[in-house]
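Tertiary structure, described
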Amino acid sequence: MKFYFESFMDSNGRKNYVRPNKNCNLTSWIDGCEPGWACSAGTDQVINLQDADNFPSRTLNCRGCCAGFFCPHGLTCMIPCPLGAYCPESTLNKTTGICDPYNYQPPPGKPNHTCGGADRWADVVSTDDVFCPAGFYCPSTEGINFPNHCKPNSANQDITIFGALLVGALSLVLLIIYNFSGQLLTNREKKQAKSREAAARHAKETVMARERWKSAKDVAKKHAVGLQSSMSRTFSRKKTLRTHEPSKGAVETDVEPSKESDEKKSNLTDMMRSLEENPEKGDGFNVEIGEKKKTKGRHAHTQSQIFKYAYGQIEKEKAMEQQNKNLTFSGVISMATEEDIRTRPRIEIAFKDLTLTLKGSKKKLLKSVTGKLMPGRVAAVMGPSGAGKTTFLSAIAGKATGCETTGMILINGKMEPIRAYKKIIGFVPQDDIVHGNLTVQENLWFNARCRLSADMSKADKVLVVERVIEALGLQAVRDSLVGTVEQRGISGGQRKRVNVGLEMVMEPSVLILDEPTSGLDSASSLLLLRALRREALEGVNISMVVHQPSYTLYKMFDDLILLAKGGMTVYHGPVKKVEEYFAGLGIVVPDRVNPPDYYIDILEGIVKPNTNVAVNTKDLPLRWMLHNGYEVPRDMLQSGSEAESSFRGGGDRTPDGDSGQSIAGEVWGNVRDIVGQKKDEYDYNKSSENLSNRCTPGILMQYKYYLGRCGKQRLREARIQGVDFLILGLAGICLGTLAKVSDETFGALGYTYTVIAVSLLCKIGALRSFSLEKIHYWRERASGMSSLAYFMSKDTIDHFNTIIKPMVYLSMFYFFNNPRSSIWENYVVLVALVYCVTGIGYTFAIFFQPGSAQLWSALLPVVLTLIATQQKDTFFANLCYTKWALEGFVIANAQRYSGVWLITRCGSLIKSGYDINDRFLCIVVLAANGVLFRCVAFFCMVIFQKH
């Protein structure tokens, strides 16, 4: 090139003149000396490219100049065209005999010498030779791309203006999402509310019309009886007259009215008899209400028909319950529906010498508990803190984990595992585990659909939900969001009732509640207990932990289970006999003192028994066992004999076994407790034995229900999604502006920033899918719902972000960074990257606590990018997903560099350790990583639970 430019300077500005040289002179003129042609120097010749005076011999393998290079007249070497120049191969114009788009002709008399490539670029002095035309861009010096309003001599298209337009459009879309995200669900809820209100109004009007018809029927019946007696007196009087005046005409006159009155009497009698036999089937009733004959409500399909059926049944049940107060609730329903009602399985739970011991530390949580929980009764479990009340109920429900259980638990008198009945056992936890971004009705309806029988009609499921809402007094807030920490929702008492309603809607046979009245006022507690009493009338076995109930609530319980510290029974029997039993021990409740409070204070040691009999608090469990004739364990007899001396001595004795126990042994015992708990939790959740005779919906149906719920949650979180999109767009603008494409590295710097930024932002977004709902999942899984359906629904909904987030980022980054690769090529790699990092985010969200998961999400992409760029072609680098993402981006961009860039491209890719043919492999590896990490996340979700 130095020789070429010096020739121009020496020629005083004449174009296309090159000084004679070793290869092209008056005595040696080969084909390579012709314009557009060049030759090779041979493989055995050493060439110094820096020497412009001593030319090497270039006379071998002469052929046309390659695209992207130019071969001057009189010079046998190829010179690269600069970016922005237009240097394609030439074609022969048979009309003019000139090689287009250049102006040279093939040498005459040489038929094998065809048109080659470019013969000139510029002569430095004048610039009227071929350049990239204005309005076009020439990315590879060998072809013109479509016009894009580029400046003359531009190497790349200038599309920044499109990025600016997209910024405005994206801002408008995000503004609409932020302000109108909840409008879609709000409109749907309003439509459902109108249909529901209309159905409720119709049901009340029907009941009122029925009452009016019954009143009218009673009045008609009274008038008919009066008319009958009046006609009887009249006929008897005329019969007397006929005996005194036996004239023919009189007889005929009297007989005709008698026939007419007999017909009237018989018609009235028949009508009254029909009304008495079937009061709901009178013609007058249908005329008054104006109803036509309809299909049965439980077979209805439309929303209005379903609501009419549900509210009609509820109003009938209310009326029947008012008229038949002595009937059970099942009898009320059977009278109202006039059909065979579905009966719940009745479960009686009996336990004998029930003892729970931690597997590692051998600490006893329950000790020789014996008793029975009967269906149709409400039992209250009370006791001081540390008495094992929740542990007792967990053991009854089969949820006691990490413990060794001894004794017997009988189900309806049989040795059967309680886990086999978990589909009809409701367990209400102490914490209010309710989805805050769903309404009250949506929470209840989802549980009803997933946990009720699959063959149950939709109308009957709606009826169950409406009964629960009516019983718990949640009508006013049914369409209100439950609320979260950030968003205000319903009150705490209403939230507690929704927590209980989640188990009531699945129509359990056993209902266990852990402190359901804690935090409720007296009115809310009374309403809740009335609803539970109503469930007990259905034959449900109900037991609950209660703290300090009022005297009114205390008297509403059927049975009382009083536990002392250490998990020992002090009393287990009817509430009506508890005071009589303790009075027999000399413990009398003072006046104006609530009995359960007094007993708990005694067990806590706050109040000493007011008795003349020497009764120690520690002897109360032993007294109860002796009172019922239970077998007393030897250690309890020993502790009972030593209780008084221990109490007087201050209780500072230390067991010999504990003194010799080392710290290492204690730690090892705690580890064994944790491992045993995890194993028991896994065994409980994976148990497939089902003795409840209830077939709940399968995985596909549950997946459908979960999908609908997740979709609603995402719509209500649209503002958060909008903020995520805004941050991604801003990151694309900043990184696209700061990290411009470098032709030497093919934009590797900008793509490195892209991999880190997209990984970080998408992982943080993926954390919200699972980290905030772990406790909800644990509750749903323990009730028998499908873990696979839950996980797949979350992942399916997140595919929306997998598709949209790359669009948002590229809409900013691509038009400000302006790479040579197409936007589609970048989009495919970016989708694979987002899919991969979303799976990693799932794993972090499930395995770590929220704070640790965020820290790992921020550090991991930076560390892996450093390993991938610094430790090239190593085993650890190949394990990093960032290496494959960066390689995919760089290869997609490098494939657009051809012609003069071939040598530079090869050198840069070899230096980075990339292969130009591995673009598809990069996408496959990223997708495989996404699938792998999703499998790991699902495994962690199933195996690891809270401690």
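In this text, all values refer to a predicted model and were calculated from it rather than measured experimentally.

Attention now moves to the overall build of the chain. When its secondary structure is counted, the chain shows 30 helices and 15 strands. Within the span of the chain, comprising 947 residues, buried residues form 47% of the whole. Counting only contacts in the chain whose residues sit at least 6 apart along the sequence, the fraction spanning at least 24 positions is 72%. As presented, the chain carries roughly 47,800 Å² of accessible surface, and 57% of it is formed by carbon and sulfur atoms.

On to the pattern of salt bridges. By the definition in use, this model includes 18 salt bridges. Two residues, lysine 110 and aspartate 31, come together in a salt bridge whose shortest N-O distance is 3.1 Å. Here lysine 110, found in the loop between strand E6 (98–100) and helix H2 (160–180), pairs with aspartate 31, found in the loop between helix H1 (2–10) and strand E1 (37–40); they are 79 residues apart in sequence, far enough to count as distant. We classify lysine 110 as partly exposed; its relative accessible area is 33%. Residues participating in the shared-partner salt-bridge network are Glu442, Lys712 and Arg716.

Let's shift gears to the state of the cysteines. The full count for this structure, using the stated rule, is four disulfides. Across a sulfur-sulfur distance of 1.9 Å, cysteine 99 and cysteine 115 are joined as a disulfide pair. Every disulfide takes its handedness from the sign of the S-S torsion; for cysteine 99 and cysteine 115 that torsion is -80°, giving left-handed. With cysteine 99 in strand E6 and cysteine 115 in the loop between E6 and H2, this pair connects stretches of sequence that are 16 residues apart. Cysteine 65 supplies the cysteine sulfur nearest to cysteine 66, a cysteine that is in no disulfide, at a spacing of 6.2 Å.

The relative placement of two packed helices comes down to the angle between their axes together with the axis-to-axis distance. For the pair helix H21 (residues 718–738) and helix H24 (residues 787–817), interaxial distance at closest approach is 7 Å and the crossing angle is 30°. As far as their axial angle goes, H24 and H21 are roughly parallel. For the pair H21 and H24, the sense of crossing is right-handed. Between H21 and H24, the contacting residues are Gln721, Asp724, Phe725, Leu728, Gly729, Ala731, Gly732, Ile733, Leu735, Gly736 and Thr737 on the first element and Phe800, Asn801, Ile804, Lys805, Val808, Tyr809, Met812, Phe813, Phe816 and Asn817 on the second. For the contact of H21 with H24, the residue count by class is 12 nonpolar, seven polar and two charged.

Here the focus is the pairing of strand E7 (residues 349–358). Counting buried residues in E7 gives eight out of 10 residues, a clear majority hidden from the surface. Relative to strand E8 (residues 364–373), E7 runs antiparallel, the two sharing six bridges. Considered in E8, the bridge of isoleucine 349 is made with leucine 373. Across eight bridges, E7 lies against strand E10 (residues 403–411) in antiparallel orientation. Paired with alanine 350 across the strands is leucine 410, a residue of E10.

Here we take up the packing of helix H26 (residues 850–870) against helix H28 (residues 881–894). At a minimum axis distance of 8 Å, the contact between H26 and H28 shows a crossing angle of 65°. By the criterion of interaxial angle, the relationship of H26 to H28 is roughly perpendicular. Of the two possible hands of crossing, H26 and H28 adopt the one that is right-handed. Together, Pro861, Leu864, Thr865, Ala868 and Thr869 of H26 and Tyr881, Thr882, Lys883 and Leu886 of H28 make up the contact between the two elements. The residue inventory of the contact of H26 with H28, partitioned by class, reads five nonpolar, three polar and one charged.

Leu532, Ile542, Met544 and Phe582 are the most contacted members of the largest nonpolar core, which has 69 residues in total. Broken down by element, this core gets its largest block of residues, nine residues, from helix H10 (residues 458–472). Taken together, domain 1 (157–209 + 307–315) and domain 2 (430–507) each give at least three residues to this core, which thus spans both. In this view, phenylalanine 582 contacts Leu562, Val570, Tyr571, Ile587 and Tyr599; residues no more than four positions away in its chain are not counted. By size, the runner-up hydrophobic cluster in this structure holds 63 residues, among which are Tyr777, Val829, Tyr881 and Cys922.

Next up on the list: the environment of threonine 370. Residue placement: threonine 370 occurs in strand E8. C-alpha separation for the pair threonine 370 and glycine 407, spaced 37 residues apart in sequence, amounts to 9.0 Å. A polar atom in the side chain of threonine 370 sits 3.0 Å from the backbone nitrogen of aspartate 353.

Our next topic: the UniProt feature "transmembrane region" (unreviewed entry) in the chain. With numbering aligned to this structure, UniProt lists the feature "transmembrane region" (unreviewed entry) at residues 159–181, 722–739, 751–771, 827–847 and 920–944. Taken end to end, residues 751–771 is 95% helix and 0% strand, and its first and last C-alpha atoms sit 30 Å apart. The annotated region residues 827–847 carries 100% helix and 0% strand content, and the separation between its end C-alpha atoms amounts to 30 Å.

Read from one edge of the open sheet, six strands run E11-E12-E13-E9-E14-E15, paired in mixed fashion. The open sheet is flanked by strand E11 (425–428) and strand E15 (568–574), the only strands paired with a single partner. Taking each pair of neighbouring strands and ignoring which way they run, the sheet shows an average axis angle of 15°. Note: strand E9 (residues 378–382) against strand E14 (residues 559–564), four bridges, orientation parallel. Bridging from a neighbouring strand, methionine 382 pairs with leucine 562 of E14.

So, about the side chain of serine 793. The residue serine 793 is located in helix H24 in this model. With residues near it in sequence (within four places) discarded, serine 793 still touches Tyr703, Tyr706, Leu707 and Cys710.

In this section: the pairing of strand E12 (residues 510–514). In the case of a regular strand, side chains alternate between the two sheet surfaces. Most of E12 sits out of view: five of its five residues are buried. Residues Val510, Ile512 and Asp514 line one face of E12 and the alternating positions Leu511 and Leu513 line the opposite face, and both faces are buried. As paired strands, E11 and E12 are joined by four bridges and run parallel to one another. Counterpart to isoleucine 425 in the pairing with E12 is valine 510. Pairing geometry for E12 and strand E13 (residues 541–545), over five bridges, is parallel. Opposite isoleucine 512, over in E13, you have serine 543 as the bridge partner. Each parallel crossover has a hand, and for E12 linked through helix H12 (residues 522–536) to E13 it is right-handed.

What counts, and at which threshold
- Residues numbered from 1 in each chain as written.
- Predicted model: local features only at pLDDT ≥ 70, side-chain atom pairs only at ≥ 80, totals over all residues.
- Heavy atoms only, no water.
- Helix = DSSP H or I, 4+ residues; strand = E, 2+ residues; numbered from the N terminus.
- Buried < 20%, exposed > 50% of the residue type's maximum accessible area, 1.4 Å probe, protein only.
- Contact = heavy atoms within 4.5 Å.
- Areas by Shrake-Rupley, 256 points an atom, 1.4 Å probe, with all protein chains shown as cover.
- Salt bridge = Lys/Arg side-chain N within 4 Å of Asp/Glu carboxyl O.
- Disulfide = S-S within 2.5 Å.
- Axes fitted to C-alpha atoms, helices over the stretch in contact; angles between N-to-C directions.
- Parallel < 35°, antiparallel > 145°, perpendicular 65-115°, else oblique.
- Left-handed = near helix turned anticlockwise from the far one by under 90°.
- Nonpolar A, V, L, I, M, F, W, Y, C, P; charged D, E, K, R; others polar.
- Pairing = 2+ DSSP bridges.
- Core = buried A, V, L, I, M, F, W, Y, C linked by side-chain atoms within 4.5 Å.
- Domains from an automatic or database assignment.
- Polar contact = N/O pair within 3.5 Å; in protein donor to acceptor, adjacent residues only side chain to side chain.
- UniProt positions renumbered as here; feature names shortened; annotations may be inferred.
- Right-handed = clockwise from strand over helix to strand, strands pointing away.

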